[in-house]
Amino acid sequence: MKNFLSSALLLSLGISAASAAESLLAFPTAEGFGRYTLGVRAASAPEVYHVTNLEDSGAGSLRDAVSKDGRIVVFDVSGIIKLKSTLVFKGNSIIAGQTAPGDGVVVYGDRVSFSGAKNLIIRHMRFRMGKSAPSGKKDAAGVANGTDMIFDHLSISWGRDETFSISWDSKGSKPANITIQNSIIGQGLHDHSCGGLIQTDGGVTLFRNLYIDNKTRNPKVKGLNQFVNNVVYNWGGGGGYIMGDSEGNSWATVEDNYFIGGPNSSGTSAFTRGTQTFQIYQKGNYIDADGNGQLGGALAATESDGSFYGSKSVASPSSFENLPVPFVAITQQASAKEAYNYIVKEVGASYPARDEVDKFMISELTSLGTKGAIISDEASLGLANVVGNFKSGTKTDTDKDGIPDEWESKMGLDKNDPSDALKKDASGYLNIEIYLNGLVDGYTPAENPEIETPADNDSTSTPVETPSDSTEISGPSALTKGMQIAPKSGMATVHVFNPMGQRIAIRQVYVEEGKKISIPGMPRNSIYVVK
């Protein structure tokens, strides 16, 4: 079996076999413009760095960890990292907040910057700036220049200017190929209290995020923007999604989002400040501004003259004029209601656990209009240590390669060999990436403990056969349907592909004859090929 789907399927999808083999997602659930971010795979000499303390600087600190590119940063500690100045992240790196024990870590007290980076993957981190930040009235997090980044399951709050902005400063590389997904961008501090500026024509995807308790800019968009499956809650007097407010050209697909008004949303619009230079394709967007404690509302509608809140509506994503680069498919896209349900359960730095600040904001969201506030001081939440309490935890990593012993055993690696973490497995990911992704994306080790194997089965069971690349098919739907049903029972090697044809995982699982193949935690619409 080759490392990609049959050539007939790939051609029917409009993608070459070569490009499928060469394109590897940043991690299995990566979406949007930043989905192919390489992270540490772009580094010539990658290394694993352990954060071993909560100090602002020095050996073993997060600041030291991110001061050099080409690193996979793992955490051996949990708790509060109190910043004394701006924290700047280098590129060609993976920052894996999901590896922290206990309740994870929070970075509090000043701003963080991703400017100048390229190939940066950050997952399950909390960045909370705060009223007394030494940097003054700045963004809590931002990208002023740099390309190829993906931010997944972040919790960003308490910015004194914007909360999370991607806006070119005309220096270095124009921001491009960037995704923010599954993240909370909330509680921008008054008197400005902004979600953020998204201003670049290099392509920014905002997928399945929660904008909450920001007075305005939820977000403010200029340039090329993909805004899909987000929830905007309790926007204030500046409005929700701001469409350009400029004569500059913009292109946006705004699909299947939920705008839910809160106590501060009265008399303001979910969409605002559109211009005829702002081209928008919109569908499936619900606005629920009645504040009655129930999820409802109505679909946002294009006006009879073809405009949408002052912007220029287009009939389809293929109808844009002078589009800088094509929009990309979101393979996990769902309805607005499904997105709301996912966000309630999963958004933000939710692994290893949600912290008290995020729980506070989620409780406001689930009140569906009855709770919420634009705050000027994070202390008003009334939490211990301002950011809440964090439980500690431990893990054992004998060879200090970043993969705990338990996972080395499950993955068939050697807990006494520090070199195996940086070796590639058959999927193209480094072994340590298999572990990092496995914590949060549903990857399972070879034994696949999540799938129960009948007692009379053993590892010598005959694998299920897969059709050869010469198998005659009538189209992708025919092949896909056939591949989802196991013709024999037994242990099988299952190759998992996304709908674009890129392989995202290889797993050993038990399959049952005549039953549909499914692996817990894999992205929606995955294609399973067995051999």
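Below, the structure is looked at part by part.

Calculation notes
- Counting restarts for each chain, with residues numbered from 1 along the sequence as it is written.
- Residue-level local features of this predicted model are given only where pLDDT is at least 70; pairs of side-chain atoms are given and counted only at 80 or more, and the full residue set underlies all totals for whole chains, interfaces and linings.
- As a convention, hydrogens and water are excluded, and side-chain values are obtained from all of the structure's heavy atoms.
- Per the convention used, a helix needs a DSSP run of H or I reaching at least four residues, while a strand needs a run of E reaching at least two, with both numbered from the N terminus.
- Only protein chains enter the accessibility calculation, which uses a 1.4 Å probe. A residue is then buried if its area is under 20% of the maximum for its type, exposed if over 50%, and partly exposed in between.
- The distinction between a cavity and a pocket rests on a 1 Å grid over the protein atoms alone: a 1.4 Å probe fits inside a cavity but cannot get out, while a pocket stays open yet meets protein on both sides within 12 Å along at least five of seven lines, and a residue with an atom within 4 Å of a point counts as lining.
- Grid points are joined across faces, edges and corners, and a volume is the space filled by probe spheres set on the points.
- Amino acids are sorted into nonpolar (Ala, Val, Leu, Ile, Met, Phe, Trp, Tyr, Cys and Pro), charged (Asp, Glu, Lys and Arg) and polar (every other residue, Gly among them).
- Only buried residues count toward a nonpolar core, which is a set of Ala, Val, Leu, Ile, Met, Phe, Trp, Tyr and Cys residues joined through side-chain atoms within 4.5 Å.
- In this description, contact between two residues means that some pair of their heavy atoms is separated by no more than 4.5 Å.
- Here the arc refers to the set of directions running from the helix axis out to each C-beta atom.
- Polar contact is the term for a pair of N or O atoms within 3.5 Å; when the atoms are in protein, one must be able to donate a hydrogen and the other to accept it, and sequence-neighboring residues count only if both atoms are side-chain atoms.
- Pairing between strands is defined by DSSP: at least two bridges between the two strands are required.
- Angles run from 0 to 180 degrees between N-to-C directions of axes, and those axes are lines fitted to C-alpha atoms, restricted for helices to the stretch in contact.
- The salt bridge criterion pairs a side-chain nitrogen of Lys or Arg with a carboxyl oxygen of Asp or Glu, the two atoms within 4 Å.

Looking only at helices and strands, the protein features eight helices and 31 strands. Buried positions account for 58% of the 531 residues belonging to the protein.

The next point concerns empty space enclosed by the protein. In this structure the tally under the stated criterion is three cavities of 30 Å³ or more. Volume-wise, the second largest cavity comes out at about 40 Å³. Residue lining of the second largest cavity: A26, F27, I94, Q98, I121, R123, E433, L436 and N437, and that is the complete set. Secondary-structure elements contributing two or more residues to the lining of the second largest cavity are strand 8 (117-123) and helix 7 (431-441). Considering each element in turn, the lining of the second largest cavity owes the most residues, three residues, to helix 7. A class-by-class count of the residues in the lining of the second largest cavity yields five nonpolar, two polar and two charged.

By size, the foremost hydrophobic cluster in this structure holds 57 residues, and its most contacted members are F114 and F151. Once residues lying within four places of it in the same chain are set aside, the contact partners of F114 are F89, L120, I122, F127, A141, G142, V143, N145, M149, F151 and F164. One finds A30, I150, L430 and Y435 within the second-largest nonpolar core, a separate group that totals 34 residues.

Take I94: it is sitting in strand 5 (residues 93-96). Considering only alpha carbons, one finds I94 and E433, 339 residues apart in sequence, at a separation of 9.1 Å. Among residues more than four places away in sequence, those in contact with I94 are G39, V40, R71, I72, V73, I121, E433 and L436.

Moving on, we get to helix 7. By the criterion of burial, helix 7 is predominantly enclosed, with 10 of the 11 residues buried. Those residues of helix 7 not exposed but buried are N431, I432, E433, I434, Y435, L436, N437, G438, L439 and D441.

A few words on helix 5 (residues 356-365). Every buried residue belonging to helix 5 is among V357, D358, M361, I362, E364 and L365, and all of these are buried. The buried residues of helix 5 all sit within an arc of 155° when viewed along its axis, so they share a single face. Among the residues of helix 5, the N-terminal cap falls to D355, whose side-chain oxygen and the backbone nitrogen of V357 are separated by 3.3 Å.

Turning our attention to the sheet that holds strand 3 (residues 79-82). Judged by pairing direction, the sheet is mixed, and its 10 strands sit side by side in the order 3-6-9-12-15-17-19-22-25-26 without closing on themselves. Of all strands in the sheet, those bounded by a partner on one side alone are strand 3 and strand 26 (298-299). In terms of strand pairing, strand 22 (residues 258-260) meets strand 25 (residues 286-288) through three bridges, oriented parallel. Paired with Y258 across the two strands is Y286, which belongs to strand 25. Contacting strand 17 (210-212), strand 19 (231-233), strand 22 and strand 25, helix 4 (residues 336-346) runs over the sheet at an angle of about 65° to strand 22.

Further remarks concern the pattern of salt bridges. Enumeration according to the criterion identifies 18 salt bridges in this entry. Salt-bridge contacts for D377 lead to K131; the nearest nitrogen and oxygen are separated by 3.7 Å. Taken as a pair, D377 in the loop between helix 5 and helix 6 (405-410) and K131 in the loop between strand 9 (126-128) and strand 10 (141-143) lie far apart in primary sequence, 246 residues in all. D377 sits in the partly exposed class, given a relative accessible area of 25%. A relative accessible area of 43% means that K131 is categorised as partly exposed. A salt bridge links K312 to E321; its shortest N-O distance comes to 3.5 Å.

Attention shifts here to the pairing of strand 6 (residues 105-108). Burial along strand 6 is two-sided: the face carrying V105 and V107 and the face carrying V106 and Y108 are both buried. In terms of strand pairing, strand 3 meets strand 6 through four bridges, oriented parallel. Bridging from a neighbouring strand, K82 pairs with Y108 of strand 6. In this sheet, strand 9 lies alongside strand 6 in parallel orientation, the contact comprising two bridges. What sits directly across from Y108, in strand 9, is R128.

With respect to the helices, strands and loops of the structure, N119 is situated in strand 8. Looking at N119, the relative accessible area reads 8%, which means it is buried. If sequence neighbours within four positions are ignored, N119 has contacts with T37, L38, G39, A42, G91, N92, S93, T147 and D148.

By themselves these figures say nothing about function.
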